Amino acid sequence: MDYPISAARNAPSLGRERAENGSLAMSTQPQSGQNPNRTMERQSTVHPKGRSGAGGFGRGGAVKISGEKVISVRRLWEEVDAKRTRSHLGMSSVRYLLWLVIYLVALYYQKNSRDAFRTSEAMKDTFARSSFTHPQTGVPMSFNDIRSVGEMWAYVDTKFVPTYYDLFWSNGDPKDEFYKNALLAKNRVTHGMRWTQRRGSINQCTATGKYNAFFPYCYPAISDGGKESIVDFGPYYDETKYKYTSYKHRFSEHEDGFVVTMPYNLSHTIVELQTLKSDRWVDEATQWWRIDFTTYNPSTNLFAQVMLTLEFDTSGQVRPKCEVAIMRSQVYMEKVRDYVQIVLEIIVIIGLLMYLLTNIKDYFHFQYEGAPGDWYIGQFWVGLELTQLILLLIALVYWIVIITDPIRNEITLKLGPMIDGKPGTRDISLDELTYYDGPLSLAPVQVQLRDYFVVQAIVVGLSMFRLLKYLAFNPLFGGLIETFMIIKVQLLQFIIIICSCNVGFAYMANMMFGHELAAFHTFDQAYFSLIGMVLGGGVTYAEIAAVNPVGAPVFYVPFTMFFCFIVLHMVVALIMESYQVHQSNRVRLVGLWHQVLFGLARNYRFMQRYVGGDNQWRFDGPDSTKIRGWLRSWDWDSLDSEQEHTESELLERLQEENVTHDEVAFLFRRYSFCTRLRDPPPPEPEVNDMVRELFKQLKVLSDAHSVAQRKLDAILAGQHM
């Protein structure tokens, strides 16, 4: 069972309350109102036979109730509770690490990043990054360098069409029928290509009426929420030639627009492109243009949709972008890799269910053992675990949706027609893979996969963070974690203050430099650019000074002083103070090898031979769970802040638990680091009066001695003169 790390989650761990106050000092003064002679009376009556021997438990010899030492109940509780927690976390950490490794491997198999990345890079290199020579200017450029409609048509005619219709091998021989529409010889085009544009509605934006006569045409920015035009348009001879196409219930809304589909046929494509160019299909109303096509690669079991997009800003700027969406043609195939993935996913789901049951069990366990007033979900590690569990369940639902996605099921294979005069021979060039009789688009699957892996990425981050909980089972490794636990609330408040202050600096940067620097042209860009500047990257002072030499020092000096001097030093001071609190509150350091060796010896008797003869007595007494049960029965609400007991007093307190003399002696020996020598009894009042009188007489004699010494010094000084 997955037990909590903090003793505060279990029974009333008083030490955790004092951790927040930053002190764990153990009082060495006797309790007020306690009769020092009473203990000695108990000492002589508890064991009238007066057992002799070395004292201790089991092999150590007979018990001797001495009363010479006292044990701090608070520190004993903390040590026993920490030992029990370490024992439970030790086994839980092994199970969690095993589950985490299986989960990460299964997630890696699901992502299949290697083949997807290689396919994406191959398509981007071929269509977006490779250069061509502009036919008019003679300047080498690529798709990413397009800045105007003229350059767009130059790219289509000079680069895209020859690359897309690669019909010959490198030696000049014509390709086989299956390879004629196979890009890079591995990726066959499924359904030709699709041209799509989205248009702004003319004169549907707010413009100053004074200047309408000067320039009466305006178009709203669709990306900023402006009205999109769905009105049919065309050349002068057919003004409704091009119609708006909606892919509702098939693709996402980003697929809608004015669509022209071109099958994989070179001569047909050339004629169609000439028609689009002469009709000014791309004009001043166009705000978004895209060529997309989908390929299938049987070697990698992947579909790839290549999307070459141009965004026509209302300022006249053209921004090119190349994206490649990847989808596996079948989630699970009959090969060893997929069988391994299925087995790993089943193990992860079983672990997830066990994890859910464990948290339910922990909840009822906490209701029984938790301190009054504590809230189970309010515990930090519990909240983290529940968040991880909820996100895992959401990811599981996402994965089920992806597996059962209708796109794969609705993909239809349409083979080319039979060729006349050639019985049994079909026109392979007309083979198509369609989705609802249209082109195959991976947009919905791409969105689902993106959201799924975003959720999984958050889960992985929480899983790694949760791993810190199990590292804390050893105090040697737990210093950082415990320091963080002490500082967590103050650190959260500090982060909120920093983020709030950064809002003001982001507005300053946007107002001073946003008109020229892309890093500050919007609020969100400015906000995160400033975070990059704090971390040592981003915009430099020279860049902002070139834009606004007056405002640059007004912005840069306060920003640097606040974040680099005040914030940085406050964070360091906060961490140092919390670490000092942790050092003062920490329990006894126990080595990792010591924990492993003695943990195995407690659970497996044959391992006790490896701990040495001097340590055999450790296994003859009560374990930490039993001792903790004794201490939980106490009324902790009425317990003094630092209550200490001798062996006889502790035996009397634990009589209701049927604790024996030997078990109490074992406690004092096993937890000797929680004991100290008992303070001597305070002097009687009469003795105090005698001491005060003697002190007065000594003071009088001391004053007389001082007077005599001064006179003697004066006499000696006169003789020397």
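What counts and what doesn't
- Residues numbered from 1 in each chain as written.
- Predicted model: local features only at pLDDT ≥ 70, side-chain atom pairs only at ≥ 80, totals over all residues.
- Heavy atoms only, no water.
- Helix = DSSP H or I, 4+ residues; strand = E, 2+ residues; numbered from the N terminus.
- Buried < 20%, exposed > 50% of the residue type's maximum accessible area, 1.4 Å probe, protein only.
- Contact = heavy atoms within 4.5 Å.
- Areas by Shrake-Rupley, 256 points an atom, 1.4 Å probe, with all protein chains shown as cover.
- Salt bridge = Lys/Arg side-chain N within 4 Å of Asp/Glu carboxyl O.
- Axes fitted to C-alpha atoms, helices over the stretch in contact; angles between N-to-C directions.
- Parallel < 35°, antiparallel > 145°, perpendicular 65-115°, else oblique.
- Left-handed = near helix turned anticlockwise from the far one by under 90°.
- Nonpolar A, V, L, I, M, F, W, Y, C, P; charged D, E, K, R; others polar.
- Pairing = 2+ DSSP bridges.
- pLDDT = per-residue confidence, 0-100.
- Phe/Tyr/Trp six-rings, centres within 6.5 Å; stacked < 30°, edge-to-face > 60°.
- Core = buried A, V, L, I, M, F, W, Y, C linked by side-chain atoms within 4.5 Å.

A. Geometry of the overall build of the protein. Helix and strand content of the protein: 20 helices and 15 strands. Each of the 721 residues in the protein was classed as buried or not, and the buried ones make up 42%. When contacts within the protein are restricted to residue pairs at least 6 apart in sequence, long-range pairs at least 24 apart make up 69% of them. Of the roughly 40,000 Å² of accessible surface on the protein, 60% is carried by carbon and sulfur atoms.

B. Region of interest: the pattern of salt bridges. Inspection of the entire model under this criterion finds 21 salt bridges. Ionic pairing is found between K241 and D279, a salt bridge with its closest N-O pair at 2.9 Å. Of this pair, K241 sits in the loop between β6 (228-229) and β7 (244-245) while D279 sits in the loop between α7 (266-278) and β9 (286-297), placing them 38 residues apart in sequence. Given the relative accessible area of 9%, D279 is considered buried. One network of salt bridges, in which partners are shared, links E311, D313, R319 and K321.

C. Seen up close, the packing of helix α9 (residues 380-403) against helix α11 (residues 443-471). Between α9 and α11, whose axes approach to 9 Å, the crossing angle comes to 155°. Between α9 and α11, the angle falls in the class roughly antiparallel. Relative to α11, α9 is oriented so that their crossing is left-handed. Taken together, the residues of the contact of α9 with α11 sort by class into 18 nonpolar, 5 polar and 4 charged.

D. Local environment of the sheet that holds strand β15 (residues 675-677). Read across the sheet, 3 strands follow the order β14-β1-β15 without closing on themselves; strand pairing throughout is antiparallel. Each of the sheet's edge strands pairs with one partner strand only, and the pair in question is β14 (644-645) and β15. By the bridge criterion, 3 bridges tie strand β1 (residues 69-72) to β15 in an arrangement that is antiparallel. Along β15, the bridge assignment pairs V70 with R676. Seen against the sheet, helix α19 (residues 661-670) touches β1, β14 and β15 and runs at an angle of roughly 80° to β1.

E. Layout of the pairing of β9. Across the 12 residues that make up β9, a large majority, 11, are buried. Where strand β5 (residues 187-200) and β9 come together, 9 bridges link them in antiparallel fashion. Bridged to T196 within β9 is R290. As defined by bridge partners, β9 adjoins strand β10 (residues 302-312) across 10 bridges and the pair is classed as antiparallel. By the bridge assignment, F293 is partnered in β10 with V306.

F. Broad picture of the confidence of the model for the protein. Per-residue confidence for the protein gives a mean pLDDT of 77, with 80% of residues at or over 70. Within the protein, the element-level pLDDT minimum falls on helix α1 (residues 14-21), averaging 35, and the maximum on strand β3 (residues 140-141), averaging 94.

G. Region of the structure containing the environment of T206. Position of T206 relative to the elements: it lies in the loop between β5 and β6. T206 sits in the exposed class, given a relative accessible area of 85%. When the C-alpha positions of T206 and Y219 are compared, they lie 9.3 Å apart, and in sequence the two are 13 residues distant.

H. The environment of P406, seen in detail. As for its position among the elements, P406 is in helix α10 (residues 406-410). Residue classification places P406 among the partly exposed residues on the basis of a relative accessible area of 43%. For the pair P406 and V445, spaced 39 residues apart in sequence, the C-alpha separation works out to 9.6 Å.

I. Quick look at the packing of aromatic side chains. Taken as a whole and assessed by the stated rule, the structure comprises 38 aromatic pairs. Between the aromatic rings of F127 and F160, the centroid separation amounts to 5.7 Å while the plane-to-plane angle is 50°, which identifies the pairing as tilted. Highlighted residues: F127 in helix α4 (residues 113-129) and F160 in helix α5 (residues 149-164), separated in sequence by 33 residues. When sorted by exposure, F127 lands in the same class as F160, which is buried.

J. Layout of unusual backbone geometry. A positive phi is found at L184, a non-glycine position, where the angle reads about 55°. With respect to the element layout, L184 can be found in the loop between β4 (182-183) and β5. Of note, N301 is a non-glycine position whose phi angle comes to about 60°, a positive value. Mapped onto the fold, N301 is located in the loop between β9 and β10. Assessed through its relative accessible area of 5%, N301 is described here as buried.

K. Structural detail: the pairing of strand β8 (residues 257-262). A large share of β8 lies buried, amounting to 5 of its 6 residues. Where β5 meets β8, 5 bridges bridge the pair, whose relative direction is antiparallel. The residue bridging Q197 from the neighbouring strand is F258, located in β8. Bridge count between β7 and β8: 2 bridges; the pairing is antiparallel. Note on β8: the bridge partner recorded for Y244 is F258.

L. Spatial organisation of the nonpolar core. F160, W195 and W289 are the most contacted members of the largest nonpolar core, which totals 43 residues. Mapped onto this core, the elements with two or more residues apiece are α4, α5, β5, β8, α7, β9, β10 and β11 (318-328). It is α5 that contributes the most residues to this core, 7 residues altogether. Those residues in contact with W195 that lie beyond four places of it in its chain are W153, V156, F258, V259, V260, M262, L273, L276, W281, W289, R290 and I291. If you look at the next biggest cluster of nonpolar residues, it comprises 42 residues, including Y103, V348, L389 and L442.

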